[in-house]
Amino acid sequence: MLVAALLISFSGFSANKERIAPIFTSLTTQQTVTGIVYDDAGTPMPGVNVLEKGTTNGTMTDFDGNYSLSVSSPDVVLVFSSIGFESLEIVVNNQTSINATLKTSVAALDEVVVIGYGTTTKKDITGAVSSVSEKDLNQGAITNPLQQLTGKAAGVNITQTGSEPGSSPSVRIRGITSLIGGNDPLVVVDGIQGNMDLLNQVPPSEIASIDILKDASATAIYGSRGAPGVIIITTKKNRAGTSSLEYTSTASIDFIPKQLDMLNAEEWWKQARNNSVPASTNHGANTDWFNILTRTGYTQNHTISFGGGTHNFNYRASVSAILQEGIVINSSNKKFIGRITATQKALDDHLTLTMNLNSGINNTTSSVQSIGRAAFTSNLISNAYVMRPTDPVYDTAGNYYMDPNVFQYINPYAVAETVVNEGQNNSLFGSLNTDLKLVKGFSITGFGSWRKTDNVNGFFLPVKSTVAAAIDQNGFANINNNRQDEKLMNVSLKYKNTFGDHTVDALALYEYQSQTYQGNYAQARGFFNDLATYNALQLGDLSDVRPGDISSYKNDRTLASFLGRINYSYLERYLLTLSYRRDGSSVFGANNKWGNFPAIGAAWIIDEEGFMKNQDLFDQLKLRAGYGVTGNQQGLYPQNSLSLVSAAGVTYFGGSQITNFNITQNVNEDLRWETKKQFNAGIDFALWDRRFSGSFDAFTATTDNLLFNYTVPQPPFPYGTIAANVGSIRNRGLELSLSYDLISTDDVTLTLGGNASLLDNEVLNLSGSINGVPLNTDYVSWGSNSFLIEGKPIGTFNILQHLGKDDSSAETVVDQNGDGVIDQGVRSPDRVLEGSALPTYNFAFNPSFRYKGFDLSMVWRGSGGNKIYNGIKSSLSYLENLGKSNVLQSAIPLGIYTSQYGSDLWLENGDFIRLENLTAGYRFSFEDAKFVESVRVSLTGSNLLLITNYSGIDPELNLSGGNGFGSDNGIYPRTRTIALGLSVKLK
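Below is a summary of the structure that appears in this document. Just so it is clear, the structure is predicted and the values come from calculations on it, not from any experiment. Numbering of residues starts from 1 in each chain and follows the order in which that chain's sequence is written. Residue-level local features of this predicted model are given only where pLDDT is at least 70; pairs of side-chain atoms are given and counted only at 80 or more, and the full residue set underlies all totals for whole chains, interfaces and linings. Side-chain numbers come from the whole structure's heavy atoms, not from hydrogens or water.

**Looking at the overall build of the protein**
So the rule is basically this: Secondary structure is summarised from DSSP: a helix means a run of H or I of at least four residues, a strand means a run of E of at least two, and numbering begins at the N terminus for each. What the globule rule says is 2.2 Å times the number of residues to the power 0.38, and the radius of gyration is computed from C-alpha atoms. For the exposure calls, accessible area comes from a 1.4 Å probe over protein chains only, and a residue counts as buried if that area is under 20% of its type's maximum, exposed if over 50%, partly exposed in between.
Looking only at helices and strands, the protein features 10 helices and 53 strands. On C-alpha atoms alone, the protein measures out to a radius of gyration of 33 Å, which is about the 30 Å that the 2.2 N^0.38 rule sets for 987 residues. C-alpha atoms of the protein, sized along the principal axes, occupy 125 × 65 × 65 Å. In the protein, buried positions account for 50% of the 987 residues.

Next comes the structure, spelled out in structure tokens:
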């Protein structure tokens, strides 16, 4: 049988030897090639594609950069490729071990940029977009992603006003373009859209890149939400075929770099006697109120992230804790964030599912921000300045000291120690993106997200706080609950194909968003003890319930959208982008629910032209131009267009109590979209082998149908104001961004980068008509001696001019029209125009240096051209207050006893230069270690130096655009921070 089997086998082999011979030959010539792939810094690279050229035979490097590939013959070519690096081809030539080093791609215009509902490359962008990658983000004790972005993008002004734990910087992209319509940009995190609060749910160490859409040709794709600009955040994802485990941490100390120079106890008593202040006001203490209310703060930031997977499935997860103890006693913030993102491929890579899930808990104990006497209401630190240094903290009985001879006297230390002001925010959001490739060029995408936030704020003001309102009511407490539920879904059809010299990338999308808001509020007073604080309102005096003590609400808003976009390229150098979005919102009047937002952008890549081939100056040169219309509805609330009534006291009729109702809102069926029309022209360039690169943009943007609460006559209107569209505002500006690689070698790099912007703002019109009733609102009060004036910037100061003082040391001002009367009305002829609260220029300088494993970077930032009304200095400079409060050292030589004016004596220049960030770090690589890939340690200083002539604590104020901006009435101090950082990557 064995012989028979061998004969049969041999017979079969002979019959099929022509078919089997190639297989046999292949088996005898195949060999295995192994090696390690490094980047240009010598670090092993995971996730690099290694492919046998001309075939589908390939593999990926593991976490340590190792690869192993069986090739078909000893003379094949291996192709090594990875995103962000130049591809490399190596001939095997009988080698069994080949190491490869990939160079970072210097083609900056080939970098991937996230735009609305998709991605593109810098080369193909037609709009004004700034992109900041992870390596360029600011480092240190970062608690909010905006701090990472400060000084990194032209035209993006980020302002940190004070360092209250849990507070966030404000951001304005290309200035203020709305009054009540909202100036906060739209935030998009991995496709999830939201307001600025969404940034608090993103761990700073988990951000891969930030893209800022600035002009309307880029933002119009977001229609009604894109007018103030768009910030798109892409979080880190795990590379397919690799695993990762990382730990990052920073720990910082925070201290106050500057305080106001007040009189000490000895100086105060001397000046009090000089001003005939009775001895009864001197209580013999020597109290440094500022010192007892402040301390050295600290911040900790910890993140553990890990990920893994294969080509078909990969994930990344992280857990973060951000812990802050403020520099004002009993102020803190504790934030915890957990997130996971996962990607699954199926159907032979035709289907891709991406899931994101994020949960956050944020607990805040806040310092009281608005408290004080009737003539001076501010935060606790400002109240500490007001306090007489001879007042004790405690009286002889051990209770918090109070002076019954001072009206509404408060002890700020008592407030800090006894008042409960707590908040808890719980947030959860998730999304699922499904992308299915159809026939060639076509794909369909479905995206859905759900975001829920719950806010609980509790406040308790006990009698022992010394606050008059608490004493009068025997203590009071309140709880405020607010919940928000946002759902968004969209379905899109995409088509991308190339036809010879023509490339078309088209998108059609339908989107629907619903938002539901619900909350309740309850307040009680008359507590017999302080044990339960706000957690047991029933312990208050329930017989003393007043109007407004109990309330609740629920409302919703919806937004439906249809949009289309076409990106067209001819010869890869003539680019055209067309987009159109139609939005319908429930918040507008019955006659104007829908708005239309078109945009067009074009670009010419000049360096691709034939006439540029023989020149050696420009490596990249592109011209851009675009125009678009965007909408705004931020400042409106559900039912803003309807006539509303609410309870207005009670009356008695026929022996019964009857609740009265009054109209509290006028109907406006014509309430419609606020629209911004913007034109932008720009140029992108790179010279000298791409070592010098930059961009320049010029823009003009006009906001029409300006949303504002306009004053209307009664009658014919039943209520005195109405939300309507009347005015217009214009912003014009120039932006410049530059980067120069002064030194660029394998071991040493020195890059000089920076940006600058100029901005001109003007209120074009505030007058018009509503329902046929003419309005003349060309002059509106907008803060401390600042106004909205047609033809002038927002927040223009129109103010009385300081002249001196009379014989009684009372301040005198200039009688501009010489009529012998000082008119203090808002349209007074004695007022003069003296600048605006808005800065006219901003700049930043960002040099960076690297030598092997050592790196050094810094951010210098500044702005100017604006004025600040120093209200806190005014309040602390009149000698008549010596009997009941303290005054500044500068008040003594100034010698003004009293004043009835708010003059330009307190108006100062707001120009400043700040060393925002200085970071030095060293990266240790462990190529031969079994478990550790690298360790980086760093030292960061923030707000290290401030150069300014402003006499207040800090010239950087909140320029949000709201009523009262541009005035310094006292802020929670901005800290100087020294942070130690650690980053560990394990294998």
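**Points about helix α4 (residues 265-274)**
Applicable threshold: Here the arc refers to the set of directions running from the helix axis out to each C-beta atom. In this description, contact between two residues means that some pair of their heavy atoms is separated by no more than 4.5 Å. In protein, a polar contact requires one atom able to donate a hydrogen and another able to accept it; more generally it is a pair of N or O atoms within 3.5 Å, and residues adjacent in sequence count only if both atoms are side-chain atoms.
Among all positions in α4, only Ala265, Trp268, Trp269, Gln271 and Ala272 are buried. The buried residues of α4 occupy an angular sector of 165 degrees when the element is viewed end-on, so they sit on one face. Relative to its buried face, α4 has exposed residues pointing more than 90 degrees away, namely Glu266 and Asn274. Buried-residue contacts for α4 involve α10 (891-894). Two or three places before Glu266, at the opening of α4, Asn264 has a side-chain oxygen 3.2 Å from that residue's backbone nitrogen. Phi turns positive one or two residues past the end of α4, at Ser276, with a value near 60 degrees.

**Comments concerning a nonpolar patch on the surface**
Selection rule: In this scheme, patches are assembled from residues that exceed 30% relative accessible area and form no salt bridge. Like charges are connected within 9 Å, while nonpolar side chains (Val, Leu, Ile, Met, Phe, Trp, Tyr) are connected within 5 Å. Accessible areas in this description were obtained via Shrake-Rupley with a 1.4 Å probe; residue shielding takes into account the shown protein chains only. One speaks of a salt bridge when a side-chain nitrogen belonging to Lys or Arg is within 4 Å of a carboxyl oxygen belonging to Asp or Glu.
Judged by side-chain polarity, Leu438, Val439, Phe442, Ile444, Met489, Val491, Leu493, Tyr510, Tyr512, Phe562 and Trp594 come together as a nonpolar surface patch covering roughly 930 Å² of accessible area. Counting only elements with at least two residues in the nonpolar patch, the list comes to β25 (442-461), β26 (476-499) and β27 (502-525). In terms of residue count, β26 provides more of the nonpolar patch than any other element does, 3 residues in total. Using a relative accessible area of 32% as the deciding quantity, one classes Phe442 as partly exposed.

**Considerations on the sheet that holds strand β10 (residues 129-133)**
Here is the rule: Strands are labelled as partners when DSSP assigns at least two bridges between them. In this description, a line fitted to the C-alpha atoms serves as the axis of each element, helices being fitted only across the stretch in contact, and the angle between N-to-C directions of two axes falls anywhere from 0 to 180 degrees.
With mixed pairing, the 5 strands of this open sheet are ordered in space as β10-β15-β16-β13-β14. Every interior strand has two partners, whereas the edge strands, β10 and β14 (192-194), have only one. Adjacent strand axes in the sheet meet at a mean angle of 15 degrees, parallel and antiparallel pairs treated alike. Taken together, the 3 bridges between strand β13 (residues 186-189) and β14 define a ladder with antiparallel strand orientation. Bridging across to β14, Val189 finds its partner in Ile192.

**Structural notes on the side chain of Asn785**
Topologically, Asn785 is positioned in the loop between β40 (779-781) and β41 (786-789). A distance of 3.1 Å separates a polar atom in the side chain of Asn785 from a polar atom in the side chain of Arg831. The contact partners of Asn785, leaving out residues within four places of it in the chain, are Thr796, Phe797, Asn798, Ile799, Arg831, Tyr869 and Gly902.

**Describing the packing of aromatic side chains**
Think of a pair of aromatic rings as described by two things: how far the centres are apart, and how the planes are tilted against each other in angle. As a reminder of what qualifies: For Phe, Tyr and Trp, rings pair up if their centres lie within 6.5 Å, where Trp contributes its six-membered ring, and each pair is then called stacked (planes under 30 degrees apart), edge-to-face (over 60) or tilted (otherwise). Whether a charge lies above a ring is judged from NZ of Lys or CZ of Arg, which has to be within 6 Å of the ring centre and within 35 degrees of the ring normal.
The tally for this structure, following the rule as stated, stands at 28 aromatic pairs. Taken together, a centroid distance of 6.0 Å and an interplanar angle of 90 degrees make the contact between Tyr401 and Tyr409 edge-to-face. A relative accessible area of 9% means that Tyr401 is categorised as buried. Among the residues examined, Tyr409 registers a relative accessible area of 3% and is labelled buried. An aromatic cluster is defined as three or more aromatic residues linked by ring pairs; in this entry it consists of Phe685, Trp688, Phe692 and Tyr740. Here Arg174 stacks its cationic end above the ring of Phe699, 4.1 Å away from the centre of that ring.

**Some words on unusual backbone geometry**
Cis peptide bonds are those with omega within 30 degrees of zero, and the linkage from Gln714 to Pro715 qualifies with -20 degrees. Among the structural elements, Pro715 can be located in the loop between β35 (692-711) and β36 (721-744). Of note, the amide linkage connecting Pro715 to Pro716 takes the cis form, showing an omega dihedral of 15 degrees. Turning to its location among the elements, Pro716 is positioned in the loop between β35 and β36. Phi at Gln639 is positive, roughly 75 degrees, even though this residue is not glycine. Of note, Gln639 is situated in the loop between β31 (618-632) and β32 (644-653).

**Remarks on the pattern of salt bridges**
A side chain with one charge can pair with a side chain of the opposite charge if their charged atoms come near. Using the criterion set out here, one finds 37 salt bridges in the structure. A salt bridge links Glu325 to Arg295, with the shortest nitrogen-to-oxygen separation between them at 3.2 Å. On the criterion of sequence distance, the pair formed by Glu325 in strand β19 (residues 313-325) and Arg295 in the loop between α5 (289-293) and β18 (297-309) is long-range, its members being 30 residues apart. Relative accessible area serves as the criterion here: at 30%, Arg295 is assigned to the partly exposed category. With a closest N to O distance of 3.1 Å, Lys452 and Asp485 form a salt bridge. In this pair, Lys452 is assigned in strand β25 and Asp485 in strand β26, connecting sequence segments 33 residues apart. Classification of Lys452 as partly exposed rests on a relative accessible area of 35%. Accessibility expressed as a relative area gives 13% for Asp485, which makes it buried. Among the ionic contacts, a cluster of salt bridges with common partners joins Asp190, Glu206, Lys237, Glu246, Arg316 and Arg339.

**A closer look at the sheet that holds strand β45 (residues 831-836)**
Read from one edge of the open sheet, 4 strands run β40-β41-β42-β45, paired in antiparallel fashion. On the outer flanks of this sheet lie β40 and β45, each paired with one strand and no other. Each adjacent strand pair in this sheet contributes to an overall mean axis angle of 40 degrees, direction not counted. Relative to β41, β40 is paired through 3 bridges, and the arrangement is antiparallel. Looking at β41, one finds that Tyr779 is bridged to Ile789.

**Notes on the nonpolar core**
To be explicit about the condition: Put simply, buried Ala, Val, Leu, Ile, Met, Phe, Trp, Tyr and Cys residues joined by side-chain atoms within 4.5 Å make one nonpolar core.
Among the nonpolar cores identified, the biggest contains 30 residues, and Leu179, Ile770, Leu788 and Ile794 are the most heavily contacted of them. Put simply, the parts of the chain that give this core at least two residues each are β35, β36, β39 (773-775) and β42 (796-800). Residue contacts for Ile794: discarding those within four places in its chain leaves Ile176, Leu179, Ile729, Asn761, Val763, Trp782, Phe787, Leu788, Ser836, Ala837, Leu838 and Phe965.

**Topic: the pairing of β26**
Examined bridge by bridge, β25 and β26 share 20 bridges and lie antiparallel to one another. Across the sheet, the residue bridging to Thr445 is Ser492, located in β26. For β26 and β27, the ladder comprises 24 bridges, and the chain directions are antiparallel. The partner of Met489 across the bridge, within β27, is Tyr512. Where β26 hands over to β27, the hairpin turn is made up of 2 residues, of which Gly500 adopts a positive phi near 65 degrees.

**A short note on the pairing of β35**
Inspection of the sheet shows strand β34 (residues 674-687) paired to β35 by 13 bridges, in the antiparallel sense. Bridging from a neighbouring strand, Asp684 pairs with Ser695 of β35. Connecting β34 to the antiparallel partner β35 that follows it, the hairpin turn spans 4 residues, and Trp688 within it adopts a positive phi of roughly 55 degrees. In this sheet, β36 lies alongside β35 in antiparallel orientation, the contact comprising 18 bridges. Bridge pairing links Phe696 to Leu736 in β36.

**Quick notes on the environment of Gly589**
By the secondary structure assignment, Gly589 is in the loop between β29 (574-585) and β30 (594-605). For the pair Gly589 and Arg672, spaced 83 residues apart in sequence, the C-alpha to C-alpha distance is 6.4 Å. In this view, Gly589 contacts Ser641, Asn668, Glu669 and Leu671; residues no more than four positions away in its chain are not counted.

Honestly, that's just the spatial picture; any functional story needs more than this.
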